[in-house]
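Each chain, letter by letter, is given below.
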Number of protein chains: 2
Amino acid sequence: MLIDNIGTLVTNDPELGTIKDAALVFDDGLVAWAGPRAQAPEAAGTTRLDAEGRAVIPGFVDSHGHLVFAGDRAEEFAARMEGRPYTAGGIRTTVAATRAASDDQLGSNLDRLIHEALKSGTTTVETKSGYGLTVDDERRSLAVARPRTQETTFLGAHVVPPEHDADAYVDLVKGEMLDACAPHARWIDVFCEQGAFDGDQTRAILEAGIAKGLTPRVHANQLGHGPGVQLAVELGAASADHVTHVTDDDVDALASSDTVATLLPGAEFSTRARYPDARRLIDAGVTVALAADCNPGSSYTTNIPFCIAIAVREMGMTTDEAVWAATKGGALALRREDVGLLAPGARADAILLDAPSHIHLAYRPGVPLVTAVFRGGRRVA
Amino acid sequence: MLIDNIGTLVTNDPELGTIKDAALVFDDGLVAWAGPRAQAPEAAGTTRLDAEGRAVIPGFVDSHGHLVFAGDRAEEFAARMEGRPYTAGGIRTTVAATRAASDDQLGSNLDRLIHEALKSGTTTVETKSGYGLTVDDERRSLAVARPRTQETTFLGAHVVPPEHDADAYVDLVKGEMLDACAPHARWIDVFCEQGAFDGDQTRAILEAGIAKGLTPRVHANQLGHGPGVQLAVELGAASADHVTHVTDDDVDALASSDTVATLLPGAEFSTRARYPDARRLIDAGVTVALAADCNPGSSYTTNIPFCIAIAVREMGMTTDEAVWAATKGGALALRREDVGLLAPGARADAILLDAPSHIHLAYRPGVPLVTAVFRGGRRVA
């Protein structure tokens, strides 16, 4: 298949790799060729799509989601925005609903969110467990997710459930729960934060996961300063996620590591919290990814273009940087070389925008510009 | 037609008029009945749509747009967001492109934007002239718009074009240009702001328009404090638009008048400016509308759900207030009684959301939740 007459092609190869007046060839689910239109290879027998001067970019790689759950918390959101006290259970509400849901119900809610994300251009999606918080509910959360995405993350250490004390729960997570969950997961994650898990607990859980063959990622420094970022770097995590409250030492540690800083502006948007300073991170040499953090409590969005617009408005990113962070950045945060770029050999995951350039993703905020989505060379939305 | 099994119906009659487990009947393009499902009238022979527990709200009434133009200014936006100097012409770029465009080109760009707005739930749209700035280019801007919406606004006094001095241009606007434009317009508007038109000029132009049968609305107090709000109230304007930099006297004047304060958060979003304080206005008793201000320079969005989410995050509005402001508030800003509500006799303009309540418009930012749009009882998107 040949996509011809592309106004602006973003390849991410190298850097943003923007080509004006470009063409793109898919073959057998992979990118076969990308370059200036005038040099496009002969295309006998191929399907031709005329992009009519519009932009094509890589599919979004959303490296941070909490998509396995039941129920919603709209009333809690409305109360928070109004400054009203809200005495219902927060995350416990979602845990109770998730435990009560059947596997089929969890699967169909997950399908709904993956499809919603796909329609807005997300062709690779990560999801965590973390609303089960029992051995069986964490295991089945991951077992439901695994057939739907290879990027599954065991997050038994999301919060300590009310029926446990913290130490006993940490023992459960790194023992029986990990044993049950590891076969269904690629990653292990801990919410390292005051009120969730401290540095020692985080280290113990991540090391247990590593010993089981999982690769770490860490919820780090979201609500206040803590040891999460340093632990992520020390343990070779693929990503430290949130990274809002950081010292210069934290920034330096990230900059001299392979650990990506994954920024999640949807969470700050929906909790009216301070945004992370992407400019400071990028200027220091940190690799930054943008992800949606879709979850029913603090960021109930799957929409990466929205996150790009917010990152440009609020976090000091250029549109180029934000688009790169939501594609190649996400791929690096998932240690994936096959997605997040449009170069020969990459998976043919691409978005056709109803706009002449990727800048319009921030310039036209809220407007659904994603007009066609290809995944593995097949048009899926 | 009966829309049955509505989870949450927002009627705006009176106030937000929310009804749970509701039904809605359209007949001959108008709302025939709205109320609790159990009391719905017999529906022999009518089409029945099962809302499956989802929410239905009135169509959005977008009372402020600059939709007649050509070209875009994506590079200027990118430069502004990066803090780079940008020496191209700003609004003059759009004026030059608009003057160079044919009526057909202006009409098809306008159709594109109206359709884009419609798909996101906007069933009533206002548009201004203001990128022609010659007698003929202003006239044809309005003549192109008039068959597409009855809410057309003569904004010859957008900026002083470079070929005129200010006084001569004001004379032209309130003389020959007004004569040519008045037959195609319902409203007259002036950009009353330092660098555009001062209080005396604004008054002279609005009074000339009133004498020609147009009703005033005013771009007021956007970039700094000025006389715009007070003039709007004094001259009986339907709306003062932007209303960011206001004194207590301005707020009191609005509160004791029929002039609506139309807030346009897309402009502050895309120029990284301070948001207007909706909370202060509402608490003082001012009627507030929300609109998109779609234009290629400072707010290139048609998306009202995006504006609602920003208003809740940044402007102190509750979701209920923001949804009301984008529907009934917009209708009041256009002095329309037939739109912005779902009560018997109103035009059957309604949106079916892919969500159980209107709260999700802010709770799920960026997610395109508008799943069906009805205008005059007909499904149009």
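Because the structure is predicted, anything quoted here is derived from the model rather than measured. (Residues numbered from 1 in each chain as written. Chains lettered and ligands numbered in written order. Predicted model: local features only at pLDDT ≥ 70, side-chain atom pairs only at ≥ 80, totals over all residues. Heavy atoms only, no water.)

### A few points about the sheet that holds strand β8 (residues 151–157) of chain B
Residues and elements named next belong to chain B.
Okay, so step 1: Pairing within the open sheet is parallel, and its 8 strands lie in the order β6-β7-β8-β9-β10-β11-β12-β13. The open sheet has two edge strands with one neighbour each: β6 (60–62) and β13 (288–290). If you compare each strand with its neighbour and ignore which way they point, the axes differ by 25° on average.
Okay, so step 2: Across 3 bridges, strand β7 (residues 122–128) lies against β8 in parallel orientation. If you follow Lys128 over to β8, its bridge partner there is Thr153.
Okay, so step 3: Packing of helix α6 (residues 199–211) onto the sheet brings it into contact with β8, β9 (187–192) and β10 (215–220), and relative to β9 it is tilted by some 175°. (Pairing = 2+ DSSP bridges. Helix = DSSP H or I, 4+ residues; strand = E, 2+ residues; numbered from the N terminus. Axes fitted to C-alpha atoms, helices over the stretch in contact; angles between N-to-C directions. Contact = heavy atoms within 4.5 Å.)

### Things to note about the interface of chain B and chain A
Okay, so step 1: Taken together, the contacts link 41 residues of chain B with 41 residues of chain A.
Okay, so step 2: Carbon and sulfur atoms make up 59% of the surface buried where chain B meets chain A, a total of about 3500 Å² over both sides.
Okay, so step 3: Sorting the residues of chain B by area buried against chain A places B:Arg313, B:Tyr363 and B:Arg364 first, and these three jointly supply 24% of that buried surface.
Okay, so step 4: Put simply, chain B and chain A have 2 salt bridges between them.
Okay, so step 5: Taking the shortest distance from any N to any O, the salt bridge between A:Glu116 and B:Arg364 comes out at 2.7 Å.
Okay, so step 6: Taken together, the elements giving at least two residues each to the side of chain B that touches chain A come down to α1 (74–82), α3 (103–119), α9 (265–271), α11 (304–314) and α13 (360–363) of chain B.
Okay, so step 7: A breakdown of the residues in the side of chain B that touches chain A according to their chemical character gives 22 nonpolar, 8 polar and 11 charged. (Buried area = accessible area lost by both parts, 1.4 Å probe. Salt bridge = Lys/Arg side-chain N within 4 Å of Asp/Glu carboxyl O. Nonpolar A, V, L, I, M, F, W, Y, C, P; charged D, E, K, R; others polar.)

### Examining the layout of surface pockets
Where empty space is left can be seen by rolling a probe of water-molecule size over the atoms.
Okay, so step 1: Within this model, the largest pocket holds a volume of roughly 1300 Å³.
Okay, so step 2: Residue lining of the largest pocket: 47 residues in total, with A:Pro368, A:Leu369, A:Val370, B:Lys119 and B:Pro368 positioned closest to the centre.
Okay, so step 3: Of all the secondary structure elements, the ones that give two or more residues to the lining of the largest pocket are α3 (103–119), α11 (304–314), α13 (360–363) and β15 (370–375) of chain A together with α3, α11 and β15 (370–375) of chain B.
Okay, so step 4: Top element by residues in the lining of the largest pocket is α3(B). It accounts for 5 residues.
Okay, so step 5: Residue composition of the lining of the largest pocket, by class: 23 nonpolar, 13 polar and 11 charged. (1 Å grid on protein atoms, 1.4 Å probe; cavity = no way out; pocket = protein on both sides within 12 Å on 5 of 7 lines; lining within 4 Å. Points joined across faces, edges and corners; volume = space filled by probe spheres on them.)

### Observations regarding the relation of the copies chain B and chain A
Okay, so step 1: With an RMSD of 0.0 Å, chain B superimposes on chain A once it is rotated by 180° and translated 0.0 Å along the axis. Here the symmetry operator amounts to a two-fold rotation axis. Residues of chain B ranked by C-alpha distance from the rotation axis are headed by B:Gly366, positioned 2.8 Å from it. (Least-squares fit on C-alpha atoms with pLDDT ≥ 70 in both.)

### So, the nonpolar core
Okay, so step 1: Residues A:Leu290 and B:Leu290 are the most contacted members of the largest nonpolar core, which totals 196 residues.
Okay, so step 2: Setting aside its immediate chain neighbours within four residues, B:Leu290 contacts B:Val61, B:Leu263, B:Pro265, B:Cys307, B:Ile308, B:Ala311, B:Met315, B:Met317, B:Ala322, B:Ala325 and B:Ala326.
Okay, so step 3: Of all hydrophobic cores here, the second largest spans 19 residues; its members include A:Leu24, A:Leu341, A:Ala343 and A:Ala346. (Core = buried A, V, L, I, M, F, W, Y, C linked by side-chain atoms within 4.5 Å. Buried < 20%, exposed > 50% of the residue type's maximum accessible area, 1.4 Å probe, protein only.)

### A closer look at a negative patch on the surface
Residue and element names in this part refer to chain A.
Okay, so step 1: On the surface, a cluster of negative charge is made up of Asp165, Asp167, Asp171, Asp198 and Asp200.
Okay, so step 2: Here Asp198 shows up in the loop between β9 (187–192) and α6 (199–211).
Okay, so step 3: Classification of Asp198 by relative accessible area gives partly exposed; the value is 40%. (Patch = residues over 30% accessible without salt bridge, like charges linked within 9 Å, V, L, I, M, F, W, Y side chains within 5 Å. Areas by Shrake-Rupley, 256 points an atom, 1.4 Å probe, with all protein chains shown as cover. Lys, Arg positive; Asp, Glu negative; His and termini not counted. Charge placed at Lys NZ, Arg CZ, Asp CG, Glu CD.)

### Some points on the pattern of salt bridges
Okay, so step 1: The final tally for this structure, using the stated rule, is 55 salt bridges over all chains.
Okay, so step 2: The salt bridge involving A:Glu234 is made with A:Arg203; its shortest N-O contact spans 2.7 Å. Of this pair, A:Glu234 sits in helix α7 (residues 228–234) while A:Arg203 sits in helix α6; the two residues are 31 residues apart in sequence, bridging distant segments of the chain.
Okay, so step 3: With a closest N to O distance of 3.0 Å, B:Asp4 and B:Arg37 form a salt bridge. Within this pair, whereas B:Asp4 is found in strand β1 (residues 2–10), its partner B:Arg37 is found in the loop between β3 (30–36) and β4 (48–50), the two being separated by 33 residues in sequence.
Okay, so step 4: One salt-bridge network, held together by shared partners, links A:Asp4, A:Asp21, A:Arg37 and A:Arg48.

### As for the packing of aromatic side chains
Geometrically, a pair of aromatic rings is defined through the distance of the ring centres and the angle of the planes.
Okay, so step 1: By the definition in use, this model includes 14 aromatic pairs over all chains.
Okay, so step 2: Seen in terms of ring centroids, A:Phe69 and A:Tyr131 are 6.2 Å apart; in terms of plane orientation they differ by 75°. Their pairing is edge-to-face. Remark: A:Tyr131 occurs in the loop between β7 (122–128) and α4 (135–145) and A:Phe69 occurs in the loop between β6 (60–62) and α1 (74–82); sequence separation between them is 62 residues.
Okay, so step 3: The buried category is assigned to A:Tyr131, whose relative accessible area is 2%.
Okay, so step 4: Between B:Phe269 and B:Phe306, the ring centres sit 5.0 Å apart and the planes meet at 90°, which makes this aromatic pair edge-to-face. Within this pair, whereas B:Phe269 is found in helix α9, its partner B:Phe306 is found in helix α11, the two being separated by 37 residues in sequence. Each member of the pair, B:Phe269 as well as B:Phe306, carries the same accessibility label: buried.
Okay, so step 5: Each member of the aromatic cluster is reached from another via a ring pair, and the members are A:Phe69, A:Phe77, A:Tyr131, A:Tyr300 and B:Tyr363.
Okay, so step 6: Positioned over the ring face of A:Trp187 is A:Arg217, at 4.4 Å from the centre of the ring.
Okay, so step 7: Here B:Arg364 stacks its cationic end above the ring of A:Tyr300, 3.8 Å away from the centre of that ring. (Phe/Tyr/Trp six-rings, centres within 6.5 Å; stacked < 30°, edge-to-face > 60°. Lys NZ or Arg CZ within 6 Å of the ring centre and 35° of its normal.)

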